[in-house]
Amino acid sequence: MTTHAISPLPSLDALLRAPAAAVLLARFGRSATTETFRRILAERRQARLFHAPEAEILDRAADVLAAGFARSQRPVFNLTGTVLHTNLGRAPMPPEAAAAAAEAMRSATSLEYDLDTGKRGERDSHIAPLLRRLTGAEAATVVNNNAAAVVLVLNTLASGKQVAVSRGELIEIGGAFRVPDIMSRAGAVLKEVGTTNRTHARDYAQAIGPEMAALMRVHQANYKISGFTASVPTEELARIAHAAGLPLIDDLGSGSLIDLARWGLPHETTPMESLSAGADVVTFSGDKLLGGPQAGLIVGSKATIAQIDANPLKRALRLDKGRLAALEVVLRLYLDPDRLAEKLPALRLLTRAEADIRATAERMAALIQRAWPARPVTVEACRSQIGSGALPVDLLPSAAVAIGGGGLEALASALRGLPCPVIGRIAQDRLRLDCRCLEPAEEAMFAAQLPAAS
Ligand SMILES: *Cc1c(COP(=O)(O)O)cnc(C)c1O
């Protein structure tokens, strides 16, 4: 029997006086450290373990305290191949936008203060003029996210009344966003028109009665209906709505503020296109293709936006000063479209050249091979997804490090356990790390945390 095995449990006082406890006290404070010692001692007694060396209790306390104080939300390497990954926080922010957010959060700002007059100002005044300029809309407003934008628009324009939506557009976008549920929570009554694959102009026209408050188009965000299909173009839908004296609402989802075809990406309807086709209110997300912070942007006619701004729900859904600051910086980047792909990380990642991604993959493959010499490691061509429901069927040519061998779940878990967790995807007996979102500037940090050859 070793002397360790017969050491009685140390007292709380003895633990607090131990030289090693000084480090814990300095780092985690007296109350958390004392509480942790007490809990560990109580657990031991309860388990009838009346012997333990002091060092063992101190080590355990250090682990418990470190785990309790560790940040839960942490930066990760998104090597899933989905660029705007909702579970990984969607669009990465330009550093100057993140800095503006941090600065706004640290200090008092002119959030609702007019610096010219010295009087009360409007929090949306930092964003609305930019959105008007960028979309050509008469008016604009901004809320927490696009789901909030849709709720607010429906509640404002159609509370207690009907809204017509094609059966082909009754979408679910994951989580709790389903058009029928959102509609009823907003207090509006969904009037389904047409069929899943075909909806015609006459379907809308026939649905319009005294209870109808608006027609609505919802972007088919994360799926595509193909084959024997028919839908009504926005222009025609707007004509039908306006002939009946009703507004047309267009939920674009990922609406891009600029034509992505310019960079060889598939075209996604822009708010400008929707407005000029006759939509009265258009909603879209801030953190999808736009590449900014989580936000819901609403653009449209002056009268409609004024009604929306006057809805008391607007206050419950408004944006905080940090995100407003970041959004302002991101929207300003759009004033210089020629440099957008360089300055806006979301667009930079989406337009990254395949050869450039492959070069990163080759460098990372060599490092990964060194860290796991027994595993087959290769570079493979692959396809990245844009993500966040944008352009669901369009894929971007990319390159991945493919790691084989047994126990891939354990390997994936080890990569998630790194200081900056690495998130890949397991499919067909390989763990694949799509290198599109590992930019050259981050390679050194990625490399430095890989384990030494095992
Ligand atoms: C993503 C999306 C939403 C929800 O937007 P959030 O910004 O996630 O709240 C609503 N409608 C459509 C069509 C979408 O694609």
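Just so we're clear, the structure is a prediction, and the values are computed from it rather than from any experiment.

Student: Looking at this structure, how should I read the overall build of the chain?
Tutor: Along the backbone of the chain there are 20 helices and 15 strands. Excluding contacts between residues fewer than 6 apart, the proportion of contacts in the chain whose partners are at least 24 apart in sequence is 74%. Summed over all atoms, the accessible surface of the chain reaches about 21,700 Å², with 52% contributed by carbon and sulfur.

Student: For this particular structure, what's the right way to read the nonpolar core?
Tutor: Nonpolar side chains tend toward joint burial in soluble globular proteins. Membership of the largest hydrophobic core comes to 64 residues, with the highest contact counts inside it found for L215, F284, L290, L331 and Y334. For this core, the element with the most residues is helix α15 (residues 321-333), which contributes eight residues. Residue assignment places this core across two domains, with domain 2 (77-86 + 348-453) and domain 3 (95-341) each supplying three or more. For L290, the residues in contact, after removing those within four places along its chain, are L257, F284, S285, L297, L327, V330, L331, Y334 and L344. Counting 30 residues, the second largest nonpolar core, distinct from the first, contains A158, I171, I298 and I308.

Student: For this particular structure, what's the right way to read helix α5 (residues 54-69)?
Tutor: Working note: α-helix, 3.6 residues per turn, so residues spaced by three or four point in the same direction. With 16 residues, α5 ought to run about 22 Å at 1.5 Å a step, and its terminal C-alpha atoms sit 22 Å apart, in line with that. Considered for burial, the residues of α5 that qualify are I57, L58, A61 and L65. Seen end-on, α5 carries its buried residues on one side only, within an arc spanning 95 degrees. Across α5 from its buried face, at more than 90 degrees, point the exposed residues D59, D63 and A67. Considering only its buried residues, α5 is in contact with α2 (12-17), α3 (19-28) and α4 (30-46).

Student: What am I meant to see in the domain arrangement of the chain here?
Tutor: The extent of an interface is frequently quoted as the accessible surface area lost upon association of the parts. Domain annotation for the chain reports domain 1 (12-69), domain 2 (77-86 + 348-453) and domain 3 (95-341). Here domain 2 and domain 3 have C-alpha centroids that lie 34 Å from each other.

Student: How should I be thinking about unusual backbone geometry in this particular structure?
Tutor: In terms of backbone geometry, most residues other than glycine have negative phi values and most peptide bonds are trans. One non-glycine residue, R90, adopts positive backbone phi at about 55 degrees. Relative to the elements of secondary structure, R90 occurs in the loop between β1 (77-78) and α6 (95-106). Residue classification places R90 among the partly exposed positions, given a relative accessible area of 23%. Not every positive phi belongs to a glycine, and D429 is a case in point at roughly 60 degrees. As for its placement among the helices and strands, D429 is situated in the loop between β14 (425-427) and β15 (430-434).

Student: Would you mind going over the pairing of strand β7 (residues 212-218) with me for this structure?
Tutor: Walk down a regular strand and you will see the side chains alternate between the two sheet faces. Extensive coverage of β7 is indicated by the burial of seven of its seven residues. As judged from the three bridges shared by strand β5 (residues 162-166) and β7, these two strands associate in the parallel manner. From the neighbouring strand, A164 faces β7, where its bridge partner is L215. As defined by bridge partners, β7 adjoins strand β8 (residues 248-253) across four bridges and the pair is classed as parallel. Of the residues in β8, the one forming a bridge with R217 is D250.

Student: How do you make sense of the pairing of strand β9 (residues 281-285) when you look at a structure like this?
Tutor: Of all five residues in β9, five are buried; the element is thus mostly enclosed. Both faces of β9 are covered, namely the face carrying V281, T283 and S285 and the face carrying V282 and F284. Across four bridges, β8 lies against β9 in parallel orientation. Its bridge partner lying in β9, G253 is registered against F284. In this view, the connection linking β8 to its parallel neighbour β9 by way of helix α12 (residues 271-276) has right-handed handedness. In this sheet, strand β10 (residues 296-300) lies alongside β9 in antiparallel orientation, the contact comprising five bridges. The partner of T283 across the bridge, within β10, is I298.

Student: Sorry, what's going on with the packing of helix α8 (residues 146-158) against helix α13 (residues 302-309) here?
Tutor: For any two helices packed against each other, one specifies the inter-axial angle together with the distance between the axes. At a minimum axis separation of 9 Å, α8 and α13 run at an interaxial angle of 100 degrees. By the angle class used here, α8 and α13 are roughly perpendicular. Residues L152, V153, T156 and L157 of α8 lie in contact with α13, whose contacting residues are T304, Q307 and I308.

Student: What exactly am I supposed to notice about the environment of T109 here?
Tutor: When you line up the elements, T109 lands in the loop between α6 and β2 (113-114). In contact with T109, not counting residues within four places along its chain, are A104 and K321.

Student: Would you take a moment to explain the site of the ligand for this structure?
Tutor: Around the ligand, the surrounding shell holds 13 residues, and the nearest of these are R90, A147, D251, S285 and K288. Take N145: an N or O atom from its side chain is 3.4 Å from an oxygen atom of the ligand. Relative to its unbound accessible area of 380 Å², the ligand is 94% covered by the protein chains. Where the shell around the ligand is concerned, the elements lending two or more residues are α8 and β8.

Student: Would you take a moment to explain α4 for this structure?
Tutor: For α4, which comprises 17 residues, the first-to-last C-alpha distance of 24 Å matches the rise-based estimate of 24 Å (1.5 Å per residue) to within 8%. Those residues of α4 lying buried are A32, T33, T34, T36, F37, I40, L41 and R44. Of the surrounding elements, those touching the buried residues of α4 are α2, α3 and α5. Count one or two residues on from α4 and you reach R48, which has phi positive near 60 degrees.

Student: What is the right way to look at the packing of aromatic side chains in this model?
Tutor: In this description, an aromatic ring pair is defined by two values, namely the gap between the centres and the angle between the planes. One pass over the full model with this rule turns up two aromatic pairs. Pairing F28 with F69 gives two aromatic rings, centres 4.9 Å apart and planes at 50 degrees, and the pair type is tilted. Here F28, found in helix α3, pairs with F69, found in helix α5; they are 41 residues apart in sequence, far enough to count as distant. For F28, a relative accessible area of 8% corresponds to the buried category. Look at F77 and F446: their rings are 5.3 Å apart centre to centre, the planes differ by 80 degrees, and that puts the pair in the edge-to-face class. With F77 in strand β1 and F446 in helix α20 (residues 440-448), the pair connects residues that are 369 residues apart, well separated along the chain.

Thresholds, definitions, all that
- Along every chain, residues carry numbers that run from 1 in the direction the sequence is written.
- At least 70 in pLDDT is required for a residue's local features to be given in this predicted model, at least 80 for side-chain atom pairs to be given and counted, and no such filter applies to totals for whole chains, interfaces and linings, which use all residues.
- The side-chain numbers reported here are obtained from all heavy atoms of the structure, hydrogens and water having been left aside.
- Put simply, DSSP marks the helices as runs of H or I at least four residues long and the strands as runs of E at least two long, and each gets a number from the N terminus on.
- Throughout, a contact is declared for two residues whenever any of their heavy atoms are within 4.5 Å.
- Under the convention used here, a 1.4 Å probe and the Shrake-Rupley method define accessible areas, while residue burial counts only the protein chains that appear.
- Definition of nonpolar core: a set of buried residues of the types Ala, Val, Leu, Ile, Met, Phe, Trp, Tyr and Cys, connected through side-chain atoms within 4.5 Å.
- For every residue, the accessible area obtained with a 1.4 Å probe (protein chains only) is divided by the maximum for its type, and the residue is called buried under 20%, exposed over 50%, and partly exposed between those limits.
- Where each domain starts and ends follows an automatic or database-derived domain assignment.
- One less than the number of residues in a helix, times 1.5 Å, gives the span that helix is expected to have.
- Summarising the geometry, the arc corresponds to the directions from the helix axis toward the C-beta atoms.
- Strand pairing is defined by DSSP finding a minimum of two bridges between the two strands.
- Orient the strands so they point away from the viewer; a crossover is then right-handed if the path from the first strand over the helix to the second runs clockwise.
- Orientation is described by lines fitted to C-alpha atoms, with helices fitted over the stretch in contact, and by angles between N-to-C directions that extend from 0 to 180 degrees.
- Roughly parallel means an angle under 35 degrees; roughly antiparallel means over 145; roughly perpendicular covers 65 to 115; every other angle is labelled oblique.
- Only a single heavy atom is needed: when it lies within 4 Å of a molecule or strand, its residue is near that molecule or strand.
- As used in this structure description, the phrase polar contact means that two N or O atoms lie within 3.5 Å; if the pair is within protein, one of them must be able to donate a hydrogen and the other to accept it, and residues adjacent in sequence are counted only when both atoms belong to side chains.
- When the centres of two rings from Phe, Tyr and Trp lie within 6.5 Å, Trp using its six-membered ring, the rings pair. Their planes under 30 degrees apart give stacked, over 60 give edge-to-face, and anything left gives tilted.

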